[in-house]
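Listed below are the residues making up each chain.
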Amino acid sequence: MNNLSVTGTNGGLFAKPTIGRSEYGRVKVALAPGKGFMDWLRLTANKNGFGSRVETIEHGISIEYDEWVGLTEQNVIVSLTPVHVKTSINTRGEESSEEHARLRVLIHHFWQPAMEFEFESTQRLTQQKYELIVKKNGVEIRFPALENLEDVLNREKCKIRRRPGSSYHSTKIIDLFRLNHDTLVFSLELPEYVTYRIPLGYHVGVKVRRGNGICTPSIEKLNIGDELVISDPIGDKDFTGWTENSSQLILLSAGSGITPMIDLLERRIQKASNSEVYMIMFNKTEDDIQTVKPDDKTWKLGDIWKTALDSLNISADHVHIFQG
C-alpha cells in the first residue's frame, strides 16, 4: 500500500501505510507528521455535508444540493430562534446573560430525506430581519442590514443533520371556535422571525403545556392568547400532481384526517375546475360532520361547500360508522 492522500484540509491529510490492526480488527493508519486527531475530525465534518454545499455570500449564506430539483418555498422552513447565553457570574452567584439568535434552515424536499442546517448562536443575528431566496436547487438567507458575516455564517459553524427529528415552533392562538361537539378550529400566529409553510397534504403534531397529559382535554382548555406549539410539517410526498393530472379525484377521510384533504380539494377546484371530484367522509354520527360554516367564522371547508357544491362535477357523501 502506498501513501494515502485524503483531500479536504490545507495541503491534504497524508497517511503512511497501515501499521497493523486494533483489538477490534480495524485497520490502523498512521497520520502524517504534524497531523493529529482534530485534523481528522475536521476532515470528517467537511465531508459529512451529505453532498450539500454551504457557502458564505454577501449579507448571508447559500445552501445548495444537486438533488433538490425544483425547490419551492413550501419545502423550506427558516427560524431565527432567540437564545440566552450565560456570560458571567459574580461572587454572589448572580448570573449575567446576553441574547443571541440561532439560525436554523430545514429543507424537506419532496421524495428526499429532510436536511437540517443549524448554525451556532450569535449575538450579531439577534432580531435581524432576513430575506429567503429560493432557487432551483438551493436557498439563500440574506440579512440586508449586516455585512461581513464570514465569521458567524460559515460551514465550520454549521451542524448538518439528515433525517432530523421534528423541531417545534411556538405559536400564539389569535382566534378559535368550536365547529362541532368534538372539533375546534384554531387560527395561529407564528413568531416574526420564522418562515413556515405546510406543503399540500401534510400535517403537524402539537404540544400543549397544561392539562393532565392527554392532548384533547388539554387543547380544549386553551384560550385566545395562549401558546400552542406545533411541529415541523410531517410528510415527504409531493401531492401537487393530484390536483391537476387526472380526470377524476376521489378523497377519503375520517375525523381529523379531513384536514389535509381540504387543501387538496381547494387546489383541485382552482387547477382543474372541469374534472370530477368525489369526497367521501367517514363519521360516527351526523353530529361529527364538519362541512358546515358557523356564523361569522371563517372555516375553509364550509366556504368550499357553499360555493363548489353548486358544480355538477363535485359531490360529497357522508358514511356513518356504526359501532356495535
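A brief structural summary. (Residues numbered from 1 in each chain as written. Predicted model: local features only at pLDDT ≥ 70, side-chain atom pairs only at ≥ 80, totals over all residues. Heavy atoms only, no water.)

Focus on the packing of aromatic side chains
What counts here: For this analysis, a ring pair means two rings from Phe, Tyr or Trp (six-membered ring only for Trp) whose centres lie within 6.5 Å, classed as stacked if their planes differ by under 30 degrees, edge-to-face if by over 60, and tilted for the remaining angles. Burial classification: accessible surface area is computed with a 1.4 Å probe over protein chains only, and a residue below 20% of its type maximum counts as buried, one above 50% as exposed, and the rest as partly exposed. Numbered from the N terminus, helices here are DSSP runs of H or I no shorter than four residues, and strands are runs of E no shorter than two. Any Lys NZ or Arg CZ found within 6 Å of a ring centre and within 35 degrees of that ring's normal is scored as a charge over the ring.
In the structure shown here, the tally under the stated rule is four aromatic pairs. Taken together, a centroid distance of 5.2 Å and an interplanar angle of 75° make the contact between Tyr65 and Trp68 edge-to-face. Side by side, Tyr65 and Trp68 carry an identical accessibility label, which is buried. When the ring of Phe110 is compared with that of Tyr202, the centres are 6.3 Å apart and the planes differ by 65°; the resulting orientation is edge-to-face. Remark: Tyr202 occurs in the loop between β14 (194-195) and β15 (206-207) and Phe110 occurs in the loop between β7 (95-107) and β8 (115-119); sequence separation between them is 92 residues. Under the relative-accessibility criterion, Tyr202 is labelled buried at 4%. By the ring-pair criterion, three or more aromatic residues cluster together here, those being Tyr65, Trp68 and Phe117. Just above the ring of Tyr168 sits the side chain of Lys207; from NZ or CZ to the centre is 4.1 Å.

Comments concerning the sheet that holds strand β12 (residues 168-180)
To keep it simple, the criterion reads: For two strands to be treated as a pair, DSSP must find at least two bridges joining them.
Across the sheet, which stays open at both edges, the four strands sit in the order β13-β12-β16-β15 with antiparallel pairing between neighbours. The two strands at the open ends of the sheet, each matched to only one other strand, are β13 (183-189) and β15. Two strands pair when backbone bridges link them, and β15 and strand β16 (residues 227-231) are joined in this way by two bridges, in the antiparallel orientation. Opposite Val206, over in β16, you have Ile230 as the bridge partner.

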